[in-house]
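Structure assessment
Residue strings, one per chain:
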Amino acid sequence: MRITCPNCGERDRREFYYRGAALEQPAADADLDVWHQHVNLRENPAGPLEELWYHEMGCGAWLKVLRNTTSHEILEVTLASDAGLGGAA
């Protein structure tokens, strides 16, 4: 699988660290049930899914990648900061 980094161009996926689905996180003081729902009871769709990837062996940017989880086709890549995610730690 190849990912096209907006800064570095097309690269092998082994240059990247996969963080997971690009989900909005509950507030730090959210109820325990809200956190349980977020961590354990999420959808696991087959098809397009927005994910966060870190270009660990490249420019160090956090990317929002729209990937088809069935075919692994990369549909879109944007910088996470441009997507309003700010970069994830």
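A short tour of the structure in this document, coming up. (Residues numbered from 1 in each chain as written. Predicted model: local features only at pLDDT ≥ 70, side-chain atom pairs only at ≥ 80, totals over all residues. Heavy atoms only, no water.)

**Digging into the layout of surface pockets**
There is about 180 Å³ of room inside the second largest pocket. Contributing to the lining of the second largest pocket are Tyr18, Ala21, Leu23, Arg42, Glu43, Asn44, Pro45, Leu49, Glu51, Arg67 and Thr69. (1 Å grid on protein atoms, 1.4 Å probe; cavity = no way out; pocket = protein on both sides within 12 Å on 5 of 7 lines; lining within 4 Å. Points joined across faces, edges and corners; volume = space filled by probe spheres on them.)

**Thoughts on the sheet that holds strand β5 (residues 62-68)**
An order of β3-β4-β5-β6 is seen for the four strands of this open sheet, with the pairing classed as antiparallel. Of all strands in the sheet, those with a lone pairing partner are β3 (17-21) and β6 (74-79), marking the two edges. Across the sheet, the mean angle from the axis of one strand to that of its neighbour is 30°, orientation sign disregarded. With five bridges connecting them, β5 and β6 associate as antiparallel partners. Following the sheet pairing, Val65 is matched in β6 by Val77. (Pairing = 2+ DSSP bridges. Helix = DSSP H or I, 4+ residues; strand = E, 2+ residues; numbered from the N terminus. Axes fitted to C-alpha atoms, helices over the stretch in contact; angles between N-to-C directions.)

**Observations concerning the pairing of strand β4 (residues 48-54)**
Bridge analysis of β3 against β4 gives four bridges, and the strand direction is antiparallel. Counterpart to Tyr17 in the pairing with β4 is Tyr54. Sheet topology places β4 next to β5; seven bridges connect them, and they run antiparallel. Pairing of Trp53 across the sheet is with Leu63, part of β5.

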